[in-house]
Amino acid sequence: MNSDILGIVFTYLVTLALAIPLGKYIAKVYTNEKTFLDFFSVPIEKFLYKIGGIDPTVEMNWKQHLKILLSINAIWFVWSMIILVTQQYIFFNPDDIAAMTPDLAFHTAVSFVVNANLQHYSGEASLSYFSQIAVIAFLQFVSAGTGMAAAAVIFKAIKTKAGEQLGNFYNFFIRSMTHVLLPLAILLGVGLLMNGSPMTFEGAETITTLEGHEQTVAKGPAAAEIAIKQLGTNGGGFFGANSSVPFENPNFFTNILEKIAIYLIPIGMVFAFGYYTDKKRLAWVFYTVMTVGVIVLMSITISGEMNGNPKIAELGVSQELGAMEGKETRFGPASSGYWAVATTTTSNGSVNAMHNSLMPLGGVATLTGMFINALYGGVGVGFINFYVFVIIAVFISGLMVGRTPEFLGKKVEAKEMKIASIVALLSPGIILIGSAISSYLINANPDYGWLNNPGFRGFGEMVYEFASANANNGSGFEGLGDNTPFWNIATGIALIFGRYIPIIGPVAIAGILAKKRFVPESAGTLKADSFAFGVTLFAVIVIIAALAFFPALVLGPLGEYFML
């Protein structure tokens, strides 16, 4: 067990050691400085600018950034829908996969456009190779690039002393992919390929097992998609059981690589903010607040999984290895607990163990990570969500000392606070209202049949599904029969609101603040890079999440915990 904990500490420290220089590199990418990858990335960028008729030097205000972001996302959605409902007629379909139903195609297209990858299907049985490449892998790149570009707009706005011009969206977007996502994906993809992940266009293979039974083994161009699913905090699996499948996660070494990949860019973006704005100390305050939250959630989850299930222990069954239900023996409960928290404190959503088998407190931790949705968070959008908490904490701090709230020389006034409040209240609204409606429907008509577990666990499964959709996470408790018109449409709507309002709101706040007159620091200025502000910020995050979601946790995994 001690070696398991050492492995977890080692994995995280390696991630941090890589994320800090990556953050400095990302800052250079967004300031258009020369980098060591220019020889590879710049020719690709110039080609894309040329065929798109784009001038990357044209400055844009925040409204223009959002207009472009939303427009290209709408185009990607239409493109994806067309392919998914016609895939049976398109090439690269050696296994004759049928087209998706309209409601499932709608849910899948929305889910991958918004970087959630919430899957109500099994990848190897529901998608042709062409769909895997032209829809799934494509969207995993561009949706991650979209989130990073939106964060870059906020970086630019925070750095600007006074003005409306906040860089060029296409420049931020394309450079995010060519300088960051693509090179890292190639490295990780090669690593996975060398360890056994398939990369082929051959169809499924029928083999005879040692018991003499025939079994169909799915293959496909998996390694490339797995790499970007982890690095872009996408998480959607090529195979139905995701990263618990040996083809997606062959061994303990790849398990470490993928865990590093999940956190690498989200943490790197925090340090990129510090280097880009020359506010390195503030970046460390933000990183510390996020990390304290992650450590708390990880401690709860990992200790619960390593100690095992007391009900099973009462039956006289050994719990020496911990709670092994739903876990891969090659990874074990500690590593699986780390992954569970990593994937839910980011918007990754991939799994190397079944979350429905987590101990109840593990369910509390994973749900809380998605409720907050800002402890590192998704690539780009994690920092954006965190920015909302920062604005609220600044406003509260200003009221406490009797001064007009200021953040980095800009006054935070009623308009910005209203926007931040709307964004902060959106998540509880989506998750709790959606859970209430689904609870009412299944109680009114149990024949709907989507709930396989009764009581606390069943309620927790429905809350988890809406939390995962709202956080654009994509993981699930998976005791829920979610491929139905209700769940496809309801969570599809949650995915849309959960993605775009938390982007639109903070970008608008940043744009409004950027235009305001810069106020030099004085003796009474709030020191955002101080320990006191860090404590206030952490308290704001805890209070908002606890007050909004505590009743749902009591009716779900916390209730289950006390029943043990």
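Let me sum up the structure you'll find in this document. (Residues numbered from 1 in each chain as written. Predicted model: local features only at pLDDT ≥ 70, side-chain atom pairs only at ≥ 80, totals over all residues. Heavy atoms only, no water.)

### Examining the layout of surface pockets
- If you add up the space inside the largest pocket, you get close to 520 Å³.
- Only helix H1 (2-30), helix H7 (169-194) and helix H9 (252-277) provide two or more residues apiece to the lining of the largest pocket.
- Top contributing element to the lining of the largest pocket by residue count: H7, with 8 residues.
- Residues that form the lining of the largest pocket fall into these classes: 17 nonpolar, 2 polar and no charged. (1 Å grid on protein atoms, 1.4 Å probe; cavity = no way out; pocket = protein on both sides within 12 Å on 5 of 7 lines; lining within 4 Å. Points joined across faces, edges and corners; volume = space filled by probe spheres on them. Helix = DSSP H or I, 4+ residues; strand = E, 2+ residues; numbered from the N terminus. Nonpolar A, V, L, I, M, F, W, Y, C, P; charged D, E, K, R; others polar.)

### Section: the nonpolar core
- With 169 residues, the main nonpolar core has Tyr30, Ile265, Phe286 and Leu537 as its most contacted residues.
- It is helix H6 (residues 129-159) that contributes the most residues to this core, 18 residues altogether.
- Other than its neighbours up to four places away in sequence, Tyr30 contacts Met148, Ala149, Ala152, Phe155, Phe172, Ser176, Met269 and Tyr276. (Core = buried A, V, L, I, M, F, W, Y, C linked by side-chain atoms within 4.5 Å. Buried < 20%, exposed > 50% of the residue type's maximum accessible area, 1.4 Å probe, protein only. Contact = heavy atoms within 4.5 Å.)

### Brief notes about the environment of Leu22
- Relative to the helices and strands, Leu22 is located in helix H1.
- With 158 residues separating them along the chain, Leu22 and Val180 place their C-alpha atoms 8.8 Å apart.
- When neighbours within four sequence positions are excluded, Leu22 is seen to be in contact with Leu184, Leu264 and Ile265.

### Here's the deal with empty space enclosed by the protein
- Within the structure shown, the criterion is met by 7 cavities of 30 Å³ or more.
- Counted as a void, the largest cavity has a volume near 200 Å³.
- As for the largest cavity, its lining consists of 16 residues, of which Phe371, Ile372, Phe389, Val423 and Ser427 are closest to the centre.
- When contributions to the lining of the largest cavity are tallied by element, the ones reaching two or more residues are helix H13 (360-372), helix H14 (381-401), helix H15 (414-444), helix H17 (485-515) and helix H18 (531-555).
- Ranked by residues supplied to the lining of the largest cavity, first place goes to H15 with 4 residues.
- Looking at side-chain class alone, the lining of the largest cavity contains 11 nonpolar, 5 polar and no charged residues.
- Size it by volume and the second largest cavity reaches roughly 80 Å³.
- Lining the second largest cavity we find 13 residues, and of these Asn373, Val381, Asn385, Asn472 and Gly498 sit closest to its centre.
- Elements with a contribution of two residues or more to the lining of the second largest cavity: H14 and H17.

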